[in-house]
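Given next are the chains, with one letter for each unit.
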Amino acid sequence: MFMYAHFVFTWAEGAVQVQISHGTLAGAKMPLWQGVKISSYWSGPALAEFGKAWALEQLAGTRASQAVITELDQ
């Protein structure tokens, strides 16, 4: 598990997908995204690199997600 900006990234050894929740490492978590693909080999540093990049893109609004609301041009 890795946490950055209250996003908690859980990656089971051998899995090719990461589960992303909102919360803390030791406390309650609210699931947000399941099955986010990760192409790295399983390791703590790989998860930390992925999680930090993912969170920064999400917070900056540059990562497409269901949580982003856009207005249509009229």
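Note that the structure is predicted; figures quoted are calculated from it, not measured.

The rules behind each value
Residues numbered from 1 in each chain as written. Predicted model: local features only at pLDDT ≥ 70, side-chain atom pairs only at ≥ 80, totals over all residues. Heavy atoms only, no water. pLDDT = per-residue confidence, 0-100. Helix = DSSP H or I, 4+ residues; strand = E, 2+ residues; numbered from the N terminus. Contact = heavy atoms within 4.5 Å. Expected span 1.5 Å × (residues − 1). Buried < 20%, exposed > 50% of the residue type's maximum accessible area, 1.4 Å probe, protein only. Arc of directions from axis to C-beta.

Colleague: I would appreciate a short explanation of the confidence of the model for the protein chain in the present structure.
Modeller: With 84% of its residues at a pLDDT of 70 or more, the protein chain has an overall mean of 85. Within the protein chain, strand E4 (residues 29-37) has the poorest average pLDDT of any element, 92, and strand E2 (residues 7-10) the best, 96. For the stretch residues 66-74, pLDDT sits under 50, and the model shows 4 contacts to residues farther than four places along the chain or on other chains.

Colleague: Sorry, what's going on with helix H1 (residues 44-60) here?
Modeller: Because each turn of an α-helix spans 3.6 residues, side chains separated by three or four positions end up pointing in the same direction. Taking 1.5 Å as the rise per residue, H1 with 17 residues should run 24 Å; its terminal C-alpha atoms sit 24 Å apart, in good agreement. Among the residues of H1, Ala 46, Leu 47, Phe 50, Gly 51, Trp 54, Ala 55 and Gln 58 are the ones counted as buried. An end-on view of H1 places all buried positions within 145° of arc, on one side of the element. The exposed set on the far side of H1, more than 90 degrees from its buried face, consists of Pro 45, Glu 49, Leu 59 and Ala 60. Structurally, H1 contributes buried residues whose contacts are with strand E1 (2-4), E2, strand E3 (17-23) and E4. Positive backbone phi, at 80°, marks Gly 61, one or two positions downstream of H1.

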